[in-house]
Structures are given as structure tokens and as C-alpha cells.
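Working through the structure, step by step
Chain by chain, the residues run as shown.
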Amino acid sequence: MTYNSTNLQKIAHNIDADDSTHEFWKDWRWQIKHSIRDISTLERLLGISLPESYREKMEETTRTFPMSITPYYLSLIDTGDYENDPIFKQAVASPKELAVEGYDLADPLSEDLDSPVPGITHRYPDRVLFLVSNTCSMYCRHCTRKRRVGDVDSIPSEPEIRAGIEYIRENPEIRDILLSGGDPLMLPDDYLKWILEELHSIPHVEVIRIGSRIPVVLPYRITSDLVSVLSKFHPVWLNTQFNHPKEVTETSKKALHMLADAGIPLGNQSVLLAGVNDCPRIMKELVHRLVANRVRPYYLYQCDLSEGLSHFRTPVAKGVEIMENLIGHTSGFAVPRYVIDAPGGGGKIPVMPNYLLSWSVHKVVLRNYEGVICTYQEPEHYDRITCDGNCQDCRLQLKMDNADESKVVGIAKLLADFDEATSLVPQDTERVDRRNE
Ligand SMILES: *Cc1c(COP(=O)(O)O)cnc(C)c1O
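Keep in mind the model is a prediction, meaning the values are calculated, not measured. (Residues numbered from 1 in each chain as written. Predicted model: local features only at pLDDT ≥ 70, side-chain atom pairs only at ≥ 80, totals over all residues. Heavy atoms only, no water.)

Comments concerning a nonpolar patch on the surface
Together, I411, L414, L415 and L424 make up an exposed nonpolar region whose accessible area comes to about 400 Å². Of note, L424 is situated in the loop between α14 (411–415) and α15 (430–436). (Patch = residues over 30% accessible without salt bridge, like charges linked within 9 Å, V, L, I, M, F, W, Y side chains within 5 Å. Areas by Shrake-Rupley, 256 points an atom, 1.4 Å probe, with all protein chains shown as cover. Salt bridge = Lys/Arg side-chain N within 4 Å of Asp/Glu carboxyl O. Helix = DSSP H or I, 4+ residues; strand = E, 2+ residues; numbered from the N terminus.)

Printed below as a string of C-alpha cells:
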């Protein structure tokens, strides 16, 4: 017993008073079976008593957005100050979730619109999101797919998964698969192995990524059997979601070490959450604990516009402030990229403070993290390479056979020498309509 061990023993004891060994506590199936799904059990296990009217509102909330908390994650709550506890806020239903704002959306990222077959979201040219599980061990209160939580708490059918795999097989431009859900690591080892085997056998699939919060909320699921399944299909990457330094417990560390030792590169995708981690000092402590455990901070997400999340949202300014406090102040590889996932399916848009202050033909003016303003002299001579998209004619050494097949998209298209486009124009403006008349 390591972290917060009194809490842990008390909770284990209250759930299953007959078992004196506490070995069951480390059994992930036991954890799932004993997940806390109602308010009165929550109160009993935490030894707290909520005001009557508040309890009623919480119960009402769980009827719209169900609750489920693993005993392990529950044991991390500081019962003496639970109202301010970051674990409590992420795990326990709050009546604030029922306050839906006018601009809240059921599917803010339009994942359903960009879905060619059920379970697949194909938004970017070379990679897809593949939802292979509808189940989670804990229902995060800030879930972006909150509309789905609990209502289809089952494994997608095998034919559905097969259809997703077929889509990937038939589209050779897809080189990167992001398995998500639900939590893919909630699937039985055999089933997960089958999916990985199928994907791994597709020649154009270069990398498989798993998005999972299991190392945070149910680290006991990271068994040596599971790790050996994952490591059969390298390169397998895993991105998890630590949001607060308190979550990096000895138990979580052990799970992370098992994964890293199996050669699985680990990343972290935090969500910026009001009252949980909207503080530069908390975020810096978190990224330091992550890199110390071989987890590379990857993204810091602005909280999405999903229904029921309004109390978690911060102004974008808070994210910029956090980035200002990280870039330059700590190791470059400890700094995540702050992104806003654009409503309507625009994808992730990076946001950060400005470092390029001004520009002349000869010089750029930059500032660093300390506020030092400096100039960088542009080169007097530069033999610019005009690219016609054909590597065979180029003096640079990468002779890509298929370079002329690659399409340029977006702003990169405007920059390309070999593309004639001089502007990008939104499709349905009145001006465009007038031209077409
Ligand atoms: C986030 C996301 C990806 C992966 O994006 P990366 O920036 O490569 O991590 C792919 N598809 C969808 C729909 C996504 O939301």
C-alpha cells in the first residue's frame, strides 16, 4: 500500500469486509465490478455526508449523465477537502452538468459527420480515429463524448469492427490508426489482440496508437499479459490522460513503467479543466512528473463545447498563460502543444503566445521567455529551391518516388511553387454564390 493508504484500506474494507487480504484490490475485474455508481455508496465509502438538497440534484444529474468510479480512483480523493479535490471533480457527478449553454453541442467535433463507416472518423489525410469500445472503467465528468456515456455501454459488434478494418484496408493513404472509445483497454485481451492483428497485417498501416485513460483510473488493468499482447504489434504508441499531479501515484507509475519497458512510446493528453488544473504551477508539476516516468506531454486540450461541460471551461487566455509559463521555463520535451479542437470538425488548432514580434527584409525581431527582445539577421544569399513536386529534378537528396502523388492542402497549398492557387475561398459565401449565378 503506497499512496493515500488509509483511504484505500478503508474503502477496500467497506466494500468487501470479508476479505482480509486486500489482494482483490489489485484485480482490475474486481475494481470494475465494484465501481461506484450511486451517490449513497459514494457517501458511505468516502465517509462524507452531503446536504440533502444537493444529494437530490446529484442524483438527478446521474440520471442524465451516469456516474461510475473505480474504487482505486475514489481512494485518491482527499475526503477532508473533497469540494476542492481534483479527483472528486473529475469523477463525481455535479448538478452544474445540467446547466446547458446555448452554444453547447451534442457532437461538437462533428465526429459523426466525418464518419464513412460506424466507428471511424476520417478527418485528416493519413490517419483515422477508430472507436473500438463503448465502455470505460470510469466516466470522466468532462468527457467530450458525454452524449454517449452509459447509453451503449457495450462492445461494438464484431461485424462493425470488421467494417472499420475493411475501410482502413481499402484506403491506402491511411498510415496511422488511433484506437479510442470508450477505452480500448477495456476490451478483453483476445479481442484486442484480434483487432491489432488485423490492423497490423495491413501493409500501409505504419503505426497504431491507443488512447486510454486506464493508466490513470484503473492502472491494475496494465497486466503483463496485456503488455505482451500490445508489444506483439509494434510500433504501438499509447496516449493517456493525466490531468493533475495527484494522479501520478506509485500504482500508476508501475503501470507506466511496464508499458515503457515493453517499448511502447507513451504520451499524455491533458484537458484544461477549471478548478482542476487551470494553474501554471499545477501544469508544470504535472509535466515534470510525467517526463520523470517516461511519458511525453503531447497535447493540452481546451475543453470542448460538449453539453454538460460548461463549468469546466476556462477562457482560452488561461491556456495561453500556461504555455507562456512552460515554453522556455522547462525542458522542451516536457511542453505539450495547446490545442483547440475546432467545433464543426475543423480538427485541432494549435494556440500559443507570439514570439515573432516584427519583420523586415533583413531581420526578424523575436522575444524569448524572459522578455529579451533580439534580432535574427536573415541570410544575405539564399539559393532558393523552386519545387515542381518532382524530386528527380531536385538537387536535394531525398528522391521520393511518389512525391508527385502527394497532394498539398490548405495554407501549404498556397505556399507550394507547383500549385497555382492564389487564394483559399470558403465555399458558400454570398460572393461565391453571385459568381455562380
Ligand atoms: C486527434 C485526432 C486525430 C489524431 O490527431 P494527431 O494530431 O495526429 O494526434 C485523428 N483523427 C481525429 C478525428 C482526431 O480527433
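So, next bit.
A closer look at the sheet that holds strand β11 (residues 363–367)
Judged by pairing direction, the sheet is antiparallel, and its three strands sit side by side in the order β10-β11-β12 without closing on themselves. Two strands close off the open sheet at either side, each with one partner strand: β10 (356–359) and β12 (373–377). Ignoring which end each strand starts from, the neighbouring axes of this sheet average 25° apart. Here three bridges tie β10 to β11, and the two strands are oriented antiparallel to one another. Its bridge partner being in β11, S358 is matched across the sheet by V365. (Pairing = 2+ DSSP bridges. Axes fitted to C-alpha atoms, helices over the stretch in contact; angles between N-to-C directions.)

Thoughts on the environment of K284
Along the chain, K284 turns up in helix α12 (residues 280–292). Take K284: its relative accessible area is 27%, and that puts it in the partly exposed class. Spatially, the C-alpha atoms of K284 and V271 are 14 Å apart, while their sequence positions differ by 13 residues. Discounting chain neighbours no more than four positions away, the residues touching K284 are N325, L326 and H329. (Buried < 20%, exposed > 50% of the residue type's maximum accessible area, 1.4 Å probe, protein only. Contact = heavy atoms within 4.5 Å.)

Describing the nonpolar core
Ranked by internal contacts, the top residues of the largest apolar core, which has 87 residues, are I69, Y73, I168 and L179. Take this core: its biggest share by element is six residues, from helix α8 (residues 189–200). Residue-level mapping places this core at the junction of two domains, with at least three residues from each of domain 1 (5–95) and domain 2 (120–350). Counting residues in hydrophobic clusters, the runner-up holds nine residues, among them V271, Y299, F312 and V339. (Core = buried A, V, L, I, M, F, W, Y, C linked by side-chain atoms within 4.5 Å. Domains from an automatic or database assignment.)

A look at the sheet that holds strand β4 (residues 207–211)
Strand order in the open sheet made by the nine strands is β1-β2-β3-β4-β5-β6-β7-β8-β9, with mixed pairing throughout. Both outer strands of the open sheet, β1 (120–124) and β9 (347–350), are each paired with one neighbouring strand and no more. In this sheet, neighbouring strand axes are inclined to one another by 30° on average, regardless of whether the strands run parallel or antiparallel. Across four bridges, strand β8 (residues 337–342) lies against β9 in antiparallel orientation. What sits directly across from I340, in β9, is I349. Its contacts with the sheet place α12 against β6 (266–271) and β7 (295–301), and it is angled at close to 145° to β7. Contacts between helix α13 (residues 316–326) and the sheet are confined to β7 and β8, with β8 contributing the most and set at about 160° to the helix.

Here's the deal with α12
The terminal C-alpha atoms of α12 lie 18 Å apart, and with 13 residues this matches the ideal 18 Å at 1.5 Å per residue to within 8%. Along α12, the positions that sit buried rather than exposed are P280, M283, L286, V287 and L290. Down the axis of α12, the sector holding all buried residues measures 125°, keeping them to one side. When the buried face of α12 is taken as reference, the exposed residues oriented beyond 90 degrees from it are R281 and A292. Buried residues along α12 sit against β6, β7 and α13. (Expected span 1.5 Å × (residues − 1). Arc of directions from axis to C-beta.)

Side note on the pairing of β8
Where β7 lies against β8, three bridges are found, and the strand directions are parallel. Considered in β8, the bridge of Y299 is made with R337. The loop that links β8 with its antiparallel partner β9 comprises four residues; one of these, G344, has a positive phi angle of about 90°.

Some details on the side chain of T330
Looking at where T330 falls in the secondary structure, it is placed in the loop between α13 and β8. At 2.7 Å, the side chain of T330 and the side chain of H288 are in polar contact. In this structure, T330 is in contact with H288 and V335, ignoring residues within four places of it in sequence. (Polar contact = N/O pair within 3.5 Å; in protein donor to acceptor, adjacent residues only side chain to side chain.)

A look at the site of the ligand
The immediate surroundings of the ligand are formed by T121, Y124, R127, L129, L178, R209, Y298, Y299 and K348. Burial of the ligand by the protein amounts to 91% of the accessible area it has alone, namely 380 Å². Secondary structure elements with two or more residues in the shell around the ligand: β1, β2 (127–133) and β7. For the shell around the ligand, the per-class residue count stands at five nonpolar, one polar and three charged. (Near = heavy atom within 4 Å. Nonpolar A, V, L, I, M, F, W, Y, C, P; charged D, E, K, R; others polar.)

Looking at a negative patch on the surface
A cluster of like negative charges, contributed by D428, E430, D433 and E437, occupies part of the molecular surface. Classification of D428 as exposed rests on a relative accessible area of 69%. (Lys, Arg positive; Asp, Glu negative; His and termini not counted. Charge placed at Lys NZ, Arg CZ, Asp CG, Glu CD.)

Some details on the packing of aromatic side chains
Scanning all chains against the criterion turns up seven aromatic pairs. Ring geometry for Y72 versus Y220: centroids 5.8 Å apart, planes at 80°, classification edge-to-face. Remark: Y220 occurs in the loop between α9 (214–217) and α10 (224–230) and Y72 occurs in helix α5 (residues 71–74); sequence separation between them is 148 residues. Residue class for Y72 comes out buried when judged on its relative accessible area of 2%. Judged by relative accessible area, which is 14%, Y220 ranks as buried. Ring geometry for Y299 against Y301: centres 5.5 Å apart, planes inclined by 55°, an arrangement best described as tilted. The two residues Y299 and Y301 agree in class, both being buried. Three or more aromatic residues joined by ring pairs make a cluster, and in this case those are F24, W25 and W30. Over the ring of Y124 we find R127; its NZ or CZ atom is 4.1 Å from the centre of that ring. Residue placement shows K146 over the ring face of F65; its charged tip is 4.6 Å from the ring centre. (Phe/Tyr/Trp six-rings, centres within 6.5 Å; stacked < 30°, edge-to-face > 60°. Lys NZ or Arg CZ within 6 Å of the ring centre and 35° of its normal.)

Focus: the domain arrangement of the protein chain
Splitting the protein chain by domain gives domain 1 (5–95) and domain 2 (120–350). On the domain 2 side, the residues contacting the 27 residues of domain 1 number 33 residues. Between domain 1 and domain 2 the total buried area reaches about 2400 Å² when both faces are included, carbon and sulfur atoms providing 63% of it. By the criterion of area lost to domain 2, the three top residues of domain 1 are W28, Y72 and Q90, representing 31% of everything that side buries. A salt bridge links D85 to K246, with the shortest nitrogen-to-oxygen separation between them at 2.4 Å. Connecting domain 1 to domain 2 are 14 residue pairs in polar contact (both at pLDDT 80 or more). Among the secondary structure elements, those contributing two or more residues to the side of domain 1 that touches domain 2 are α2 (28–33), α5 and α6 (86–91). Take the side of domain 1 that touches domain 2: its biggest share by element is five residues, from α6. Grouping the amino acids of the side of domain 1 that touches domain 2 by side-chain chemistry returns 16 nonpolar, six polar and five charged. (Buried area = accessible area lost by both parts, 1.4 Å probe.)

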